Amino acid sequence: MGLFAEYGVSDRLTLQLKADWQDGEDAFVDYSRRGPIEIGATWQVWRDDRNAVSLYGGYTQAGEGRNAGYAAPGVGDHDWEARVSVGRSLGDMGERWGMDGAFVELQAARRLRDGLPDETRIDATAGARIGEDWMVLGQAFGGAADGGARWLSLEASVVRDFGAWSVQAGWRQTVAGQEIPISRGPVLAIWRRF
């Protein structure tokens, strides 16, 4: 179970918090512990009518659960992450297929880790609104730890709006990797805008 909170301090600056509680079981260990806690800030560097570029910097304090998918619970100390995101609205292209507000986004990050190998990550998202209250999302989360583990997970989900609240339901699955566990399972989330 996880928490993700984002607060817009200004039109260009956003503060973020991520935390989770982990219940895990694999062939070697069972655990139920607090996962890592991450705080960070995103600054929107540039934006026009269809494109946006932002930079993120964050700090993570490791938890007693898994701090990396390829490491045993409790391994790792703290991390620093730098990330760049580039997004583009697809404008009329999505409308041809009955979708409104279609977009794509690509993120690249470097995570410097204490007690674990440093990582390079690439994440991609494509999404669109269908009608006023529905959104579909397709996402890919990939990365590589220096000198070892590599992973690629895919996620597909739908989001239904209920006023200021939204409910997301989907499925995430590891589709490729090296030296990591294969994971798969449902994604359930509740969003609140304020």
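Notes on the structure follow. (Residues numbered from 1 in each chain as written. Predicted model: local features only at pLDDT ≥ 70, side-chain atom pairs only at ≥ 80, totals over all residues. Heavy atoms only, no water.)

**Section: a nonpolar patch on the surface**
Heads up, the rule is: Patches draw on residues past 30% relative accessible area with no salt bridge. Two like charges within 9 Å are joined, as are two nonpolar side chains (Val, Leu, Ile, Met, Phe, Trp, Tyr) within 5 Å. Here the Shrake-Rupley method, with its probe set to 1.4 Å, supplies the accessible areas, and only the displayed protein chains count as covering residues. Take a side-chain nitrogen of Lys or Arg and a carboxyl oxygen of Asp or Glu: if they are within 4 Å of each other, that pair is a salt bridge. To qualify as a helix, a DSSP run of H or I must reach at least 4 residues; to qualify as a strand, a run of E must reach at least 2; elements of each kind are numbered from the N terminus.
Judged by side-chain polarity, Tyr7, Val9, Leu13, Leu15, Trp43, Val45, Trp46, Leu55, Val84, Val86 and Phe194 come together as a nonpolar surface patch covering roughly 1,000 Å² of accessible area. Breaking the nonpolar patch down by element, the ones donating at least two residues are strand E2 (13-25), strand E4 (37-47) and strand E6 (78-89). Examining the composition of the nonpolar patch, we find that three residues originate from one element, E4, more than from any other.

**Description of the pairing of strand E12 (residues 184-192)**
Basically, it comes down to this: We call two strands paired when DSSP finds no fewer than two bridges between them.
Two elements, strand E11 (residues 165-178) and E12, share nine bridges in a ladder whose sense is antiparallel. Paired with Gly170 across the two strands is Val187, which belongs to E12. Remark: five residues form the turn of the hairpin made by E11 and E12, two consecutive strands paired antiparallel; Glu179 in that turn has positive phi of roughly 60 degrees.

**Looking at unusual backbone geometry**
Only a minority of non-glycine residues have a phi that is not negative, and only a minority of peptide bonds are not trans. To keep it simple, the criterion reads: Think of it in three bands: residues with accessible area under 20% of the maximum for their type are buried, residues over 50% are exposed, and the middle band is partly exposed, with areas taken using a 1.4 Å probe on protein chains only.
Although it is not a glycine, Glu179 adopts a positive phi angle of roughly 60 degrees. Here Glu179 shows up in the loop between E11 and E12. Glu179 gets classed as exposed once you look at its relative accessible area, which sits at 57%.

**Observations regarding the packing of aromatic side chains**
Any two aromatic rings considered together are summarised by their centre-to-centre distance and by the angle between their planes. Heads up, the condition is: Aromatic pairing here means that ring centres of Phe, Tyr or Trp (its six-membered ring) are within 6.5 Å. Orientation follows from the plane angle: under 30 degrees is stacked, over 60 is edge-to-face, and everything else is tilted. Placement of a charge over a ring requires the Lys NZ or Arg CZ to be within 6 Å of the ring centre, with the centre-to-atom vector within 35 degrees of the ring normal.
For the structure on display, the rule yields two aromatic pairs. Taking 4.8 Å as the distance between ring centres and 55 degrees as the angle between the ring planes, the aromatic pair formed by Tyr59 and Trp80 counts as tilted. A residue pair is termed long-range when its members are at least 10 positions apart, and Tyr59 in strand E5 (residues 51-61) and Trp80 in strand E6 qualify at 21 residues. Between Tyr70 and Trp151, the ring centres sit 6.1 Å apart and the planes meet at 25 degrees, which makes this aromatic pair stacked. Of the two residues, Tyr70 is situated in the loop between E5 and E6 and Trp151 in strand E10 (residues 150-162); the sequence distance between them amounts to 81 residues. On the accessibility criterion, Trp151 (18% relative accessible area) is buried. The positively charged end of Arg160 is found above the aromatic ring belonging to Phe162, 4.6 Å away from the centroid.

**Focus: the pattern of salt bridges**
Applying the stated rule across the entire model yields 13 salt bridges. Across the pair Asp79 and Arg113 runs a salt bridge, and its minimum N-O distance is 2.8 Å. Of this pair, Asp79 sits in strand E6 while Arg113 sits in strand E7 (residues 100-114), and the two are 34 residues apart along the sequence. On the basis of relative accessibility, which here comes to 6%, the residue Asp79 falls in the buried class. Arg110 serves as the salt-bridge partner of Asp146, at 2.9 Å between the closest nitrogen and oxygen. Here Arg110 lies in strand E7 and Asp146 lies in the loop between strand E9 (134-145) and E10, a separation of 36 residues in the sequence. Each of Glu38, Asp79, Glu81, Arg83, Arg111, Arg113, Glu119, Arg121 and Asp123 takes part in one network of salt bridges that share partners.

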